[in-house]
Amino acid sequence: MEQKNNAQHFLNLIQKSRKGKFKVYIGMSAGVGKTFRMLQEAHSLLKNGIDVKIGYIETHMRKETHELLFGLPVIPRRTIFYKGKELEELDVQAIINLRPEVVIVDELAHTNIEGSKNEKRWQDVLEILEAGINVISAVNIQHIESLNQDVKRITGIDVQERIPDNVLRLADEVVNIDLTSEDLIARLKEGKIYTADKIQTALTNFFKSEQILQLRELALKEVASQVVRKVENEVPKLQALKHEKLLACISSNDKTAKIVIRKAARLASYYNGMWYVLYVETPQESSTKIALDKQRHLINNFKLAVQLGAEVIKIENKNIADAILMTVEEKQITTVCIGKPHLNLFKVILSTTIFRRLLNRLSLSNVDLVILS
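Residues numbered from 1 in each chain as written. Predicted model: local features only at pLDDT ≥ 70, side-chain atom pairs only at ≥ 80, totals over all residues. Heavy atoms only, no water.

1. Some thoughts on the overall build of the protein chain
Part 1: Regarding its fold elements, the protein chain presents 15 helices and 12 strands.
Part 2: Going through the 373 residues of the protein chain one by one, you find that 46% of them count as buried.
Part 3: In the protein chain, once contacts between residues fewer than 6 apart in sequence are set aside, the share between residues at least 24 apart is 73%.
Part 4: Accessible area for the protein chain stands at about 20,100 Å²; split by element, carbon and sulfur atoms hold 53% of it. (Helix = DSSP H or I, 4+ residues; strand = E, 2+ residues; numbered from the N terminus. Buried < 20%, exposed > 50% of the residue type's maximum accessible area, 1.4 Å probe, protein only. Contact = heavy atoms within 4.5 Å. Areas by Shrake-Rupley, 256 points an atom, 1.4 Å probe, with all protein chains shown as cover.)

2. Topic: the pattern of salt bridges
Part 1: Evaluation of the coordinates by the stated rule reveals 20 salt bridges.
Part 2: K192 serves as the salt-bridge partner of E64, at 3.8 Å between the closest nitrogen and oxygen. Residue E64 is found in helix α3 (residues 63-67), and its partner K192 is found in the loop between α8 (181-189) and α9 (196-204); the two are separated by 128 residues along the sequence.
Part 3: Looking at E64, the relative accessible area reads 40%, which means it is partly exposed.
Part 4: Since its relative accessible area comes to 31%, K192 is described here as partly exposed.
Part 5: With its nearest N and O atoms 2.8 Å apart, the salt bridge here joins E127 to K117. You can see E127 sitting in helix α5 (residues 121-130) and its partner K117 sitting in the loop between β5 (102-105) and α5, a full 10 residues away along the chain.
Part 6: Each member of the salt-bridge network shares a partner with another, and the members are K23, E41 and E173. (Salt bridge = Lys/Arg side-chain N within 4 Å of Asp/Glu carboxyl O.)

3. Considerations on the side chain of S181
Part 1: By the secondary structure assignment, S181 is in helix α8.
Part 2: With a relative accessible area of 2%, S181 lands in the buried category.
Part 3: When near neighbours in sequence (up to four residues on either side) are disregarded, S181 contacts S209, I212 and L213.

4. Quick word on the packing of helix α11 (residues 254-271) against helix α12 (residues 292-307)
Part 1: Contact geometry of α11 with α12 gives a least axis separation of 10 Å together with a crossing angle of 10°. In terms of orientation, α11 and α12 fall into the roughly parallel class. Note on element contacts: α12 touches α11 through H297, N301, L304 and A305, opposite D254, A257, K258, I261 and R262.
Part 2: Here the residues of the contact of α11 with α12 are counted per class, giving four nonpolar, two polar and three charged. (Axes fitted to C-alpha atoms, helices over the stretch in contact; angles between N-to-C directions. Parallel < 35°, antiparallel > 145°, perpendicular 65-115°, else oblique. Nonpolar A, V, L, I, M, F, W, Y, C, P; charged D, E, K, R; others polar.)

5. Considerations on the packing of aromatic side chains
Part 1: In total, this model carries two aromatic pairs according to the counting rule given.
Part 2: Consider the rings of Y194 and F207, whose centres lie 6.0 Å apart with planes at 90°: the pair is edge-to-face. Here Y194 is found in the loop between α8 and α9, whereas its partner F207 is found in the loop between α9 and α10 (209-234), with 13 residues between them in sequence.
Part 3: Take F207: its relative accessible area is 3%, and that puts it in the buried class.
Part 4: Between Y279 and F302, the aromatic rings sit 6.1 Å apart at their centres with planes inclined by 55°, giving tilted as the arrangement. Taken together, the positions of Y279 in strand β9 (residues 274-281) and F302 in helix α12 put the pair 23 residues apart, joining distant regions of the chain.
Part 5: Assessed through its relative accessible area of 16%, F302 is described here as buried.
Part 6: Above the ring of Y56, the side-chain terminus of R77 is found at 3.8 Å from the ring centroid.
Part 7: Seen from the ring of Y56, R121 lies directly overhead, with NZ or CZ sitting 3.9 Å from the centre. (Phe/Tyr/Trp six-rings, centres within 6.5 Å; stacked < 30°, edge-to-face > 60°. Lys NZ or Arg CZ within 6 Å of the ring centre and 35° of its normal.)

6. So, α9
Part 1: Those residues of α9 not exposed but buried are I199, A202 and L203. Projection of α9 onto a plane perpendicular to its axis shows the buried side chains occupying an angular sector of 95°, all on one side. Looking at α9, the residues exposed on the side facing more than 90 degrees away from the buried face are D197 and Q200.
Part 2: The elements touched by buried residues of α9 are α8. (Arc of directions from axis to C-beta.)

7. Describing the sheet that holds strand β1 (residues 22-27)
Part 1: Across the sheet, which stays open at both edges, the five strands sit in the order β2-β5-β6-β1-β7 with parallel pairing between neighbours. In the strand order of this sheet, the two ends are held by β2 (52-56) and β7 (173-177), each with one partner. The average angle at which neighbouring strand axes cross in this sheet is 20°, direction not considered.
Part 2: With four bridges connecting them, β5 and strand β6 (residues 134-140) associate as parallel partners. Within the sheet, the bridge partner assigned to V102 lies in β6 and is N134.
Part 3: Docked against the sheet, helix α2 (residues 34-47) engages β1, β2, β5, β6 and β7, running at close to 165° with respect to β6. (Pairing = 2+ DSSP bridges.)

8. What about a positive patch on the surface?
Part 1: Taken together, the side chains of K152, K255, K263 and K340 present a region of like positive charge at the surface.
Part 2: Relative to the assigned elements, K255 resides in helix α11.
Part 3: In this structure K255 comes out as exposed when scored by relative accessible area, which is 66%. (Patch = residues over 30% accessible without salt bridge, like charges linked within 9 Å, V, L, I, M, F, W, Y side chains within 5 Å. Lys, Arg positive; Asp, Glu negative; His and termini not counted. Charge placed at Lys NZ, Arg CZ, Asp CG, Glu CD.)

And the structure:
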């Protein structure tokens, strides 16, 4: 068994070395200079004899950015006819066939046109990386899946194009393109982000100083957590450290379950730990008794959890606290995450004397209990 594990570990190392390196430029909003920086880097690589090509770039006709395209080899885009219109997409197969050392692929969160091989551009990028080609890409902080509700709270916008947190965790390097809110608003007013007819609308809606500050904080925190993970993964450990394992407990309450899942994903990402999502099916919520809409929401939440990197555990048990304790012991959990008191799950636990036993057992076993709001 040990020999088999050693062989698998060596195989994983080989496969990892064959994959392309992945660099992501991240920013708090449009106009901070992500595309500009990618093109600058492309010129620098080209001067140093690196075979770099443009796979897909979106300059939004910004003069300074557009001018940087000159002198860079561009791989023609794939043309698709959709609903009577001729549209263009990234040509993944052409990139793989040409095999440049580095390819620039903008707009990581983009949704591909219907009929494309992959639904999302991040899936195209993973395919290119698997082919051993290095990729430089860019994304705005509001497109990170687990930050969806935070972004909605800050901006009032429910961002539809999102990338799973795991995609960012695959990156070998994440670079934050940072600007102060004053500098960003100045760039907007100077017409360096949008055309003149869109400036006032942008200032009234998205480009408010208080919103930019909060998005900037999210971007800085994200890159900081990436650095922590990189240090933990690459710096040799002088002594064995406690590896975090989180258990997010959800009920059939759709809204709160989503909050618990997304926040637990952020915690797991920050601590670079494994995490699980536990749903305890009580007799009152058996498949024959639970409403169809609740069943559908549960399935969608399980899918969200998997997409964010969790392992989903579903247990049938009339006692929720017992099921949690059993899972904590079995999976060697270090932190249990539950929703705040209005959660159905919490009410069930609170309404019994078992809640006291749950807290006592967790504290005795040095397991943290986090209540997420």
